[in-house]
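Here is how the chains run, residue by residue.
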Amino acid sequence: MSIVFPGDHVPAQHVNLKLGPGILQTSNVTSNKTESTIIATRAGDLHHSANRSKWWVESNSRRYVPAPQEQVIGSIIQKVGEGYRVDIGSAHFASLDGLAFEGATKRNKPSLKVGSLVYARVSLAHKDMEPELECFDAQTRKSEGFGELKGGFIVRCSLKMCRDLLDPKHFLLPLLGARFPLEAAVGVNGRVWVSAKEIKQTIAIVRCIEATDPDGGGLDVNTTKAFLETLDV
């Protein structure tokens, strides 16, 4: 991990390269040749996946900047023709086609209402265009957990907390799951959907997420366990 600033060169190379937030690929034409350069567009910590196929810049930003292939939680704000406009917390509303669901056809597709929550994948993102969403996995064309989120509760937290929760090695969700059954969907846009059988359990999940958020209490595994013992679950 290293710190980068806007305009810094990023040494990202891979056959299946995927660029996440804070990174941009530019093209320069020199001597009749087109050369691609990958640079950082914002200051922060430079990260990459284990196989170095995905690169992104993690910063303390509260505003989500959409990037392709990322999972987000959005709220339907308007029905437009055969699709929807969705609030995902970015500078622009996203669009979601009514057919962008597993098995959807013109005669058989979900009917979402204003205020409904969806767990979706960013299929297209460009700084000058409205982002586009899909509610299925690009590889399998199956829902794979994407789609409408019914019931539950939305927790708003920092973008870093969301990325932490998506890390299988992070302690919080396994710790809570060992205490009681729960469902969770994590969007990298600063929103986490949680659901449990009892209201007090849902409240406990929300309070623990807020307490471990780096922008909140920043509790570690031991202090979170102690905090959990003070809750009636």
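Residues numbered from 1 in each chain as written. Predicted model: local features only at pLDDT ≥ 70, side-chain atom pairs only at ≥ 80, totals over all residues. Heavy atoms only, no water.

Enquirer: Report on the overall build of the protein, specifying residues and quantitative values.
Expert: When its secondary structure is counted, the protein shows 4 helices and 15 strands. Taken over the C-alpha trace, the protein has a radius of gyration of 19 Å; the compact-globule value for 233 residues is 17 Å, and the two agree within 12%. Overall, the protein is about 70 × 50 × 30 Å in size when its C-alpha atoms are taken along their principal axes. Residues counted as buried form 40% of the 233 residues belonging to the protein. When contacts within the protein are restricted to residue pairs at least 6 apart in sequence, long-range pairs at least 24 apart make up 61% of them. (Helix = DSSP H or I, 4+ residues; strand = E, 2+ residues; numbered from the N terminus. Rg over C-alpha atoms; globule rule 2.2 N^0.38 Å. Buried < 20%, exposed > 50% of the residue type's maximum accessible area, 1.4 Å probe, protein only. Contact = heavy atoms within 4.5 Å.)

Enquirer: So what's going on with the domain arrangement of the protein? Residues and values would help.
Expert: The assigned domain composition of the protein is domain 1 (2-58), domain 2 (70-149) and domain 3 (153-230). Relative placement of domain 1 and domain 2: their C-alpha centres are 27 Å apart. (Domains from an automatic or database assignment.)

Enquirer: Account for the packing of aromatic side chains, naming residues and giving values.
Expert: A complete count under the given rule lists 1 aromatic pair for this structure. Each ring, one from Tyr119 and one from Phe146, has its centre 5.1 Å from the other, and the planes form 40°; the classification is tilted. One end of the pair, Tyr119, is in strand 10 (residues 117-126); the other, Phe146, is in the loop between strand 11 (129-135) and strand 12 (147-149), and 27 residues separate them in sequence. Taken individually, Tyr119 and Phe146 each receive the classification buried, so the pair is uniform in this respect. Positioned above the aromatic ring of Tyr84, the side-chain terminus of Lys79 is 5.5 Å from the ring centre. (Phe/Tyr/Trp six-rings, centres within 6.5 Å; stacked < 30°, edge-to-face > 60°. Lys NZ or Arg CZ within 6 Å of the ring centre and 35° of its normal.)

Enquirer: So what about the UniProt feature "domain: K Homology" (unreviewed entry) in the protein? Which residues, and what values?
Expert: Mapped onto the present numbering, the UniProt feature "domain: K Homology" (unreviewed entry) falls on residues 152-198. For residues 152-198, the end-to-end C-alpha separation is 10 Å, with 30% helix and 34% strand making up the annotated structure. (UniProt positions renumbered as here; feature names shortened; annotations may be inferred.)

Enquirer: Account for the side chain of Ser195, naming residues and giving values.
Expert: Relative to the elements of secondary structure, Ser195 occurs in strand 15 (residues 191-196). In this structure, Ser195 is in contact with Gly152, Leu182, Glu183 and Thr202, ignoring residues within four places of it in sequence.

Enquirer: Outline the environment of Arg121, supporting the account with residue identities and numerical values.
Expert: If you trace the backbone, Arg121 turns up in strand 10. Each C-alpha atom, one on Arg121 and one on Trp56, is 17 Å from the other, the two residues being 65 residues apart in sequence. Beyond its immediate sequence surroundings of up to four residues, Arg121 is in contact with Gln69, Glu70, Gln71, Glu132, Leu133, Glu134, Phe136, Ala138 and Phe146. Among the polar contacts listed, one links the side chain of Arg121 to the side chain of Gln69, at a separation of 2.9 Å. (Polar contact = N/O pair within 3.5 Å; in protein donor to acceptor, adjacent residues only side chain to side chain.)

Enquirer: Residue-level account of the sheet that holds strand 13 (residues 153-156), with values.
Expert: If you walk across this open sheet you meet the 3 strands as 13-15-14, and the pairing is antiparallel. Looking along the sheet, the strands with just one partner apiece sit at the ends: strand 13 and strand 14 (182-187). Averaged over all neighbouring strand pairs, the angle between strand axes comes to 20°, with direction disregarded. Judged from the 6 bridges that link them, strand 14 and strand 15 form a sheet pairing that is antiparallel. The partner of Glu183 across the bridge, within strand 15, is Ser195. Helix 1 (residues 159-166) contacts strand 14 and strand 15 of the sheet and is inclined by roughly 125° relative to strand 14. Sitting on the sheet, helix 3 (residues 199-212) touches strand 13, strand 14 and strand 15, and the angle it makes with strand 15 is about 150°. (Pairing = 2+ DSSP bridges. Axes fitted to C-alpha atoms, helices over the stretch in contact; angles between N-to-C directions.)

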